Amino acid sequence: MKRHLIAFSVVSLMVICPLLGQSPDSPHRIALRAARLIDGKSDTPIMNAVVLIEGDKIASIASGSAAVIPPETTVIDLGDQTLLPGLIDSHTHLLSEMNGENLTLQDVEMLRIVATQSTAERALLGAKLGREDLEAGITTVRDLGNSGVNGDVALRKAINRGWLPGPRIIAATRALAAPGGQFGTLIPEAQKIIEQEYVTLNGPDSARQAVRQALYDGANCIKVIVNGSPADVTLDEMKAIVDEAHAYKAKVAAHAIGEHATRIAAEAGVDSIEHAYIVPDDVLKMMAQKHIFLVPTDGTEQTFIDMTFGVRRPSAEERAKVAAQMKPYIAGNQDRLRRARALGVPIAAGSDMYLTMPGKNRGQASLLMFEAYTAEGMSPQEIIRAATSNAAELLGLQDRLGTIEKGKLADIIAVPGNPLNDSTLLEHARFVMKGGAIIKNEK
Ligand SMILES: [Zn+2]
């Protein structure tokens, strides 16, 4: 019986397949016209650009009269706007939202979230924040943990199935960490909470096992919190993580701050070091030599003041106090980004936005990172690359995303005016396309 059934189904498929092939739906064609195009790679923009999209891919790019638009193409004229590749945020936490007014009480805020919000609830928060990212022009994110037990994978699946709008997600599942995760010291009875958010390591074998478990759980990349309290993740554990992850083509992102943690991450050969607010020159040199990306999750003085006071208007005195507190931190970040760029460390943009910002949704708040990069001396062109082609390379998606090139996925945004003259224009995408589908087109 079984044999007959198999034979029958093979015959059926052979009959059906050619029939399906005979009447393929020709892909929907869209032509985008705009005053400028910045492709994410080259230094010079293309003027009077026309990008032809077929289905979910870019079919051609041309300038002015050289553009040939085939019949039955929907033409969208974006006027004096600039086309850019969809933005990529290499460091997000879409399933986490802390009260920004508790900037100094983040341990307690994290405990509150993990102890009171289920992963399901957090995935639904992620649906909201993901949509806000996408509408701001962030078409791809690398979501680096703090998403309960695999809530980021659930959100990624929901978006990929078309259940809800959101960016492409490279998910990390739970971050690997030294004992305690990022909670500080908890009493023995509360230890269970830690494993809800982190996978804690106990030697190289457990580190390998943690990577395998993350991949089994659906991770596309591995996140490690190298800094621990009181002890960091060890070099042996870190090497085991990188070895195991790279064996399965998964990249490793290391949260590392300070000489000890950044050195462990760089020596082990991770793919990116997140934050690195404090990092010595010789570690930066090692990063440049090994092509390890720095993801500078920086903010401006204004951002920190806005977060701290929420919608309340601070007095001049209160404002000055916070500004004075933040000054050495901001100056330190600026100095390390300047040194990193001078030493040739590749930079990928990452917001690490997880706090509420008054008057801004998650997408808008995330793009404030560009203002920090500008204040720190990066040019608009450098910032655009950090948030497009560089980030795509860090995520391992450079063959499909990160530039506007023939054959790549049509993740394209448009911003008013010329962002090469003013990088804050990148915060105001009026047109967003993801995989050939128009998400937003505001006149
Ligand atoms: Zn983070």
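As shown above, the structure is provided for reference.
**Student:** Before we go on, may I ask you to explain helix H8 (residues 259-268) in this structure?
**Tutor:** For an α-helix, the turn length of 3.6 residues means that residues three or four places apart are oriented alike. Within the span of H8, buried status applies to Ala261, Thr262, Ile264, Ala265, Ala266 and Ala268. Contact partners of the buried residues in H8: helix H7 (235-247), strand S12 (251-256), strand S13 (272-275) and helix H9 (281-290).

**Student:** For this particular structure, what's the right way to read the sheet that holds strand S7 (residues 138-143)?
**Tutor:** Adjacent strands of a sheet pair through backbone hydrogen bonds, lying either parallel or antiparallel. Pairing is parallel across the open sheet formed by three strands, whose spatial order is S6-S7-S8. Sheet topology places strand S6 (87-92) and strand S8 (168-171) at the edges, where each strand pairs with a single neighbour. Each strand axis lies, on average, 15° off the axis of its neighbour in the sheet, ignoring direction. Summarising the sheet, S6 and S7 pair through four bridges and their orientation is parallel. The residue bridging Ile88 from the neighbouring strand is Thr140, located in S7. Taken strand by strand, helix H4 (residues 151-160) contacts S7 and S8, and its axis lies near 155° from that of S8.

**Student:** Can you walk me through the sheet that holds strand S11 (residues 221-225) in this structure?
**Tutor:** What the six strands build is an open sheet, ordered S10-S9-S11-S12-S13-S14; its pairing is parallel. Among the strands making up the open sheet, the edge pair consists of strand S10 (198-200) and strand S14 (293-295). Averaged over all neighbouring strand pairs, the angle between strand axes comes to 30°, with direction disregarded.

**Student:** How should the packing of H7 against H8 be read in this particular structure?
**Tutor:** Helix-helix packing is described using two parameters, namely the angle between the two axes and the distance between the axes. Their axes nearest at 9 Å, the elements H7 and H8 cross at an angle of 40°. As judged from the angle between their axes, H7 and H8 are oblique. Considering the relative orientation of H7 and H8, their crossing is right-handed. Counting all contacts with H7, which are made through Leu235, Met238, Lys239 and Val242, the residues of H8 involved are Ile264, Ala265, Glu267 and Ala268.

**Student:** Mind showing me how you'd approach the side chain of Glu244 here?
**Tutor:** Relative to the helices and strands, Glu244 resides in helix H7. For Glu244, the side chain forms a polar contact with the side chain of Arg212, separated by 3.1 Å. Not counting the four nearest positions on each side in its chain, Glu244 is found in contact with Arg208, Val211 and Arg212.

**Student:** Explanation requested: the coordination of the zinc ion in the structure shown.
**Tutor:** By definition of the ideal shapes, four donors in a tetrahedron about a metal sit 109.5 degrees apart, and six donors in an octahedron sit 90 or 180 degrees apart. Around the zinc ion, the protein supplies His91 (NE2), His93 (NE2) and Asp352 (OD) as donor atoms, at distances of 2.1 to 2.2 Å. In primary-sequence terms, the residues that donate to the zinc ion follow H-x1-H-x258-D. With His91 in strand S6 and Asp352 in the loop between helix H11 (316-342) and helix H12 (362-366), this pair connects stretches of sequence that are 261 residues apart. For His91, a relative accessible area of 1% translates into the label buried. Assessed through its relative accessible area of 14%, Asp352 is described here as buried.

**Student:** Before we go on, may I ask you to explain the pairing of S13 in this structure?
**Tutor:** Consecutive residues of a regular strand have side chains that alternate between opposite faces of the sheet. The pairing of S12 with S13 spans four bridges and is classified as parallel. Looking at the pairing, Ala256 lines up with His275 of S13. With respect to chirality, the unit in which S12 leads through H8 into the neighbouring parallel S13 is right-handed. Here S13 runs beside S14; their pairing, made up of three bridges, is parallel. Opposite Ile273, over in S14, you have Leu294 as the bridge partner.

Criteria and thresholds
Residues numbered from 1 in each chain as written. Predicted model: local features only at pLDDT ≥ 70, side-chain atom pairs only at ≥ 80, totals over all residues. Heavy atoms only, no water. Buried < 20%, exposed > 50% of the residue type's maximum accessible area, 1.4 Å probe, protein only. Helix = DSSP H or I, 4+ residues; strand = E, 2+ residues; numbered from the N terminus. Contact = heavy atoms within 4.5 Å. Pairing = 2+ DSSP bridges. Axes fitted to C-alpha atoms, helices over the stretch in contact; angles between N-to-C directions. Parallel < 35°, antiparallel > 145°, perpendicular 65-115°, else oblique. Left-handed = near helix turned anticlockwise from the far one by under 90°. Polar contact = N/O pair within 3.5 Å; in protein donor to acceptor, adjacent residues only side chain to side chain. Donors = N, O, S within 2.8 Å, 3.2 Å for Na, K, Ca; no water. Right-handed = clockwise from strand over helix to strand, strands pointing away.

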